[in-house]
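Structural overview
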Amino acid sequence: MDSDKRRRYQTAMVSNDCADNSVINQMIMPDGTEQLESSDILARLQTGKVLVVNSRKRNGLILFKHYHAEFAGPGAVIGGDYDSDCQGTLPIGNLSLLTPESHQDRQTAYLIRRQWIRLIKQITESPVAQQRVQKILDQFEVFFPAEIVANIPDEAFAMLVGVLPQTVTIVRRVGIDLDN
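Quick summary incoming for the structure in this document.

Rules used throughout
- Residues numbered from 1 in each chain as written.
- Predicted model: local features only at pLDDT ≥ 70, side-chain atom pairs only at ≥ 80, totals over all residues.
- Heavy atoms only, no water.
- Salt bridge = Lys/Arg side-chain N within 4 Å of Asp/Glu carboxyl O.
- Helix = DSSP H or I, 4+ residues; strand = E, 2+ residues; numbered from the N terminus.
- Buried < 20%, exposed > 50% of the residue type's maximum accessible area, 1.4 Å probe, protein only.
- Pairing = 2+ DSSP bridges.
- Axes fitted to C-alpha atoms, helices over the stretch in contact; angles between N-to-C directions.
- Contact = heavy atoms within 4.5 Å.
- Phe/Tyr/Trp six-rings, centres within 6.5 Å; stacked < 30°, edge-to-face > 60°.

**Side note on the pattern of salt bridges**
Under the definition given, this model contains seven salt bridges. Of the charged contacts, one joins Arg 113 and Glu 70 as a salt bridge, the two residues approaching to 2.6 Å between their closest N and O atoms. Taken together, the residues Arg 113 in helix 3 (residues 103-124) and Glu 70 in strand 3 (residues 69-72) connect sequence positions 43 residues apart. In this structure, Arg 113 and Glu 70 share a single accessibility class: buried. Here Arg 172 and Asp 154 are joined by a salt bridge, their closest N and O atoms 2.6 Å apart. Here Arg 172, found in helix 7 (residues 165-174), pairs with Asp 154, found in helix 6 (residues 154-161); they are 18 residues apart in sequence, far enough to count as distant. Note on accessibility: Arg 172 and Asp 154 belong to one class, buried. A cluster of three or more residues bridged by salt bridges with shared partners is formed by Lys 65, Glu 70, Asp 83, Asp 85 and Arg 113.

Put into structure tokens, the structure is as follows:
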């Protein structure tokens, strides 16, 4: 693995307690703008209202459930009965949420959410934990700048792909060779 790729995964250790699902309450973006607080988003979800992640922006939302996490990327629906068991959230990028204007918009957003779930499912089908971590890191870097990905806690990636947070830490520090 070249040193440039190895360097992009080296991050400062982030200490967060996932037991109470307060992974991150607020993130400051590189341009200095402040994102919605996680508690504000969670409060919106608990009302049962259906929202859609703005498909015209590079943004998304990690939704923490009891034993796992899900990612809702651009165009995906969040809220309603689908996320009634959500215990915490982590906005990614400059999160923008919209209210679907029609039944068709809502249906399309549900289909897109399903596509995001299938993408994560494909990643988690790998039996090797380090490969799952590397694939999710690579996939997130396709959608978001490396600085944003570096600020996502190890615990969040761990819950997305079913590994221990320490596995994410190791892969971020040393990387792996996916060809072997």
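**Some words on the pairing of strand 5 (residues 88-93)**
Burial analysis of strand 5 places six of its six residues in the buried class, which makes it a mostly covered element. Pairing between strand 2 (residues 59-64) and strand 5: six bridges, direction antiparallel. By the bridge assignment for strand 5, Asn 59 is matched with Gly 93.

**Let's talk about the pairing of strand 2**
Remark: a regular strand shows side chains that alternate across the two faces of the sheet. For strand 2, the buried fraction is high: six of the six residues fall into the buried class. Alternating positions in strand 2 separate into two faces, Asn 59, Leu 61 and Leu 63 on one and Gly 60, Ile 62 and Phe 64 on the other, with burial throughout. As paired elements, strand 2 and strand 3 share four bridges and run antiparallel to each other. Among the inter-strand pairings, Phe 64 is bridged to a residue of strand 3, identified as Ala 69. Hairpin connection between strand 2 and strand 3: a loop of four residues separates the two successive antiparallel strands.

**Considering the packing of helix 3 against helix 4 (residues 129-143)**
It is at 8 Å that the axes of helix 3 and helix 4 come closest, and there the two elements cross at 145°. Residues Trp 116, Leu 119, Ile 120, Ile 123 and Thr 124 of helix 3 pack against Arg 132, Lys 135, Ile 136, Gln 139 and Phe 143 of helix 4.

**Details of the sheet that holds strand 5**
Judged by pairing direction, the sheet is antiparallel, and its three strands sit side by side in the order 3-2-5 without closing on themselves. Each edge of the open sheet is held by one strand with a lone partner, namely strand 3 and strand 5. Strand after strand, the sheet turns through a mean of 20° between neighbouring axes, direction not considered. Helix 6 rests against strand 2, strand 3 and strand 5 of the sheet, and its axis sits at about 95° to strand 3.

**Considering the environment of Arg 106**
Its location among the elements puts Arg 106 in helix 3. Remark: the alpha-carbon pair of Arg 106 and Leu 51, spanning 55 residues in sequence, is separated by 8.5 Å. Those residues within four positions of Arg 106 in sequence are excluded, and the remaining contacts are Val 50 and Pro 100.

**Quick notes on the packing of aromatic side chains**
A full pass over the atoms with the stated rule returns seven aromatic pairs. Considering the side-chain rings of Phe 71 and Trp 116, the 5.1 Å spacing of their centres and the 80° angle between planes classify their relative orientation as edge-to-face. Placement of Phe 71 in strand 3 and of Trp 116 in helix 3 is noted, with a sequence separation of 45 residues between them. On the basis of relative accessibility, which here comes to 2%, the residue Phe 71 falls in the buried class. Given a relative accessible area of 11%, Trp 116 falls into the buried group. Measuring from ring centre to ring centre gives 5.8 Å for Phe 140 and Phe 144, while their planes differ by 40°; the resulting arrangement is tilted. Side by side, Phe 140 and Phe 144 carry an identical accessibility label, which is buried. Grouped by ring-pair contacts, the aromatic residues Phe 71, Trp 116, Phe 140, Phe 143, Phe 144 and Phe 157 constitute a single cluster.

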